[in-house]
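# Examining the three-dimensional arrangement
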Amino acid sequence: MCQHPIPCPPAEAIDREAARIIATFREQGWSLLCNGVIVFEDTGELLPDGTMIEPHRGPAVHCLAA
């Protein structure tokens, strides 16, 4: 799917979020990556095959300082 000179990671790769954004809808809270993955602002994802990835944010920075 990716047509970049250096191909972006495929949707099945662990680093799939590193693919380039081809469309973004900030008012709706999601972006489409060139590998077909939809990423949501809460860090959830929807893969091209319909698989849903739960939000996976780390702890807040102020929680790490304790």
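Parameters at a glance
Residues numbered from 1 in each chain as written. Predicted model: local features only at pLDDT ≥ 70, side-chain atom pairs only at ≥ 80, totals over all residues. Heavy atoms only, no water. Helix = DSSP H or I, 4+ residues; strand = E, 2+ residues; numbered from the N terminus. Buried < 20%, exposed > 50% of the residue type's maximum accessible area, 1.4 Å probe, protein only. Polar contact = N/O pair within 3.5 Å; in protein donor to acceptor, adjacent residues only side chain to side chain. Pairing = 2+ DSSP bridges.

### Concerning the side chain of Asn 35
By the element assignment, Asn 35 lies in the loop between strand S2 (30-33) and strand S3 (38-40). A residue is classified by how much of its surface remains accessible, and Asn 35, at 7% relative accessible area, is buried. Among the polar contacts listed, one links the side chain of Asn 35 to the backbone oxygen of Pro 9, at a separation of 2.9 Å. Side-chain polar atoms of Asn 35 contact the backbone oxygen of Arg 16, separated by 3.1 Å.

### Quick word on the sheet that holds S2
The strand order across the open sheet formed by 5 strands is S1-S2-S3-S4-S5, and the pairing between neighbours is antiparallel. Both outer strands of the open sheet, strand S1 (21-25) and strand S5 (52-53), are each paired with one neighbouring strand and no more. Two strands pair when backbone bridges link them, and S3 and strand S4 (residues 45-46) are joined in this way by 2 bridges, in the antiparallel orientation. If you follow Ile 38 over to S4, its bridge partner there is Leu 46.

It is worth stressing that arrangement in space is one thing and function is another; only the former is reported here.
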